[in-house]
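# Notes for the structure review
Each chain, written out:
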Amino acid sequence: MNIILFGPPGVGKGTQGANLSKEFGIVHLAMGDLLRSAVAEKTDLGLKAKSFMDAGELVTDDLVIGLIEERIVADDAKNGFLLDGFPRNVAQAIALNEMLSKHSLSLDHVVFMDASKKALLERLTGRLTCSACGFGFHRHYSPPKIAGQCDQCASPLVQRADDTEKVISHRLEVYAEQTAPLLDFYGNEDMFCKVNAEAGMGEVYASLLVAVKG
Ligand code: AP5
């Protein structure tokens, strides 16, 4: 099964994408995570991407399109993939359609997750991320068992560099200008559906399962 999850920053794509990909045995391709790994490893791609990410701007299309094409045809994507954070504008969506057709692949579901601005701000300003494995927590909604320490690998938890109020508000503007137009791009397709992501994590996950199981 091949799925796209899209929606505004902080709506829960990463949290729910990890659960859904485990449920269906497909690979979770989170573009933000792929880019953050490249930044941490100081690869050419990471060095080019860092300043865009820190400012809350989109990284240039050429960098992310090449990266995603390699990953959707990799061995671990044989059972399918869940794209989280890609495509993020119409040019990327067109490029994705071209690469899917080139590799005789297709999409089964495009799921749009939405929540109020108030919920997005609360989620992003309270998010904590493991500095080693990237696992996500929230100060109030999913706190770690030991404060400041990852439940999975015991490494320190940090706030993401782009989770400051100033950068969050710019990310929301970039989303409205560049990513929201994907609603028109995919909105009339049979595979498109919208999930209300305002509720708690368990309830949102149940709605997502209904959306993808049909
Ligand atoms: P990316 O990492 O993709 O950031 P994002 O889209 O802004 O999304 P987030 O990771 O902030 O939020 P999320 O929806 O995954 O929410 P999460 O599950 O963590 O991208 C970062 C940057 O990389 C971009 O700004 C850009 O520079 C670059 N980039 C990435 N893709 C690109 C592309 N295609 N093209 C160009 N540039 C690209 O949840 C948030 C918090 O809320 C967590 O703490 C979680 O525990 C909590 N939470 C989740 N669900 C709930 C719930 N239902 N109730 C309460 N709390 C909840």
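Just above sits the structure.
Our subject in this report is the structure included herewith. Only a predicted model underlies this, so the values are computations on that prediction, with no experimental measurement involved.

Rules and cut-offs
- Residues numbered from 1 in each chain as written.
- Predicted model: local features only at pLDDT ≥ 70, side-chain atom pairs only at ≥ 80, totals over all residues.
- Heavy atoms only, no water.
- Pairing = 2+ DSSP bridges.
- Helix = DSSP H or I, 4+ residues; strand = E, 2+ residues; numbered from the N terminus.
- Axes fitted to C-alpha atoms, helices over the stretch in contact; angles between N-to-C directions.
- Buried < 20%, exposed > 50% of the residue type's maximum accessible area, 1.4 Å probe, protein only.
- Contact = heavy atoms within 4.5 Å.
- Expected span 1.5 Å × (residues − 1).
- Arc of directions from axis to C-beta.
- Polar contact = N/O pair within 3.5 Å; in protein donor to acceptor, adjacent residues only side chain to side chain.

## Section: the sheet that holds strand β2 (residues 27-30)
The strand order β2-β3-β1-β4-β8 describes an open sheet built from five strands, whose pairing is parallel. Looking at the sheet topology across the chains shown, the edges are occupied by β2 and β8 (192-196). Here the average twist between neighbouring strands, direction ignored, is 20 degrees. Bridging between β2 and strand β3 (residues 81-84) involves four bridges; their strand directions are parallel. When the bridges of β3 are listed, Val-27 appears paired with Phe-81.

## Structural notes on the side chain of Arg-171
Within the secondary structure layout, Arg-171 lies in helix α7 (residues 165-179). On the basis of relative accessible area, Arg-171 is assigned to the buried category, the value being 11%. Discounting chain neighbours no more than four positions away, the residues touching Arg-171 are Pro-9, Gly-56, Leu-124, Arg-127, Arg-160, Asp-162 and Asp-163.

## What to know about the environment of Ala-74
Of note, Ala-74 is situated in the loop between α4 (61-72) and β3. The exposure class of Ala-74 is partly exposed, given its relative accessible area of 22%. C-alpha separation for the pair Ala-74 and Leu-96, spaced 22 residues apart in sequence, amounts to 15 Å.

## A short note on helix α1 (residues 13-24)
Spanning 12 residues, α1 covers 16 Å between terminal C-alpha atoms, matching the ideal 16 Å at 1.5 Å per step. Restricting attention to buried positions, one finds in α1 the residues Lys-13, Gln-16, Gly-17, Leu-20 and Ser-21. The buried side chains of α1 occupy one side of the element, clustering within an arc of 130 degrees when seen end-on. As for α1, its buried residues are in contact with β1 (2-6), β2, β3, β4 (109-114) and α9 (201-213). Where α1 ends, the next residue or the one after it, Gly-25, has phi of about 65 degrees, a positive value.

## As for the side chain of His-109
Position of His-109 relative to the elements: it lies in strand β4. Within the local environment of His-109, its side chain forms a polar contact with the backbone oxygen of Val-212, the two atoms lying 3.0 Å apart. When residues no more than four places from it in sequence are discounted, the contact partners of His-109 are Met-1, Asn-2, Ile-3, Ile-4, Met-191, Ala-211 and Val-212.

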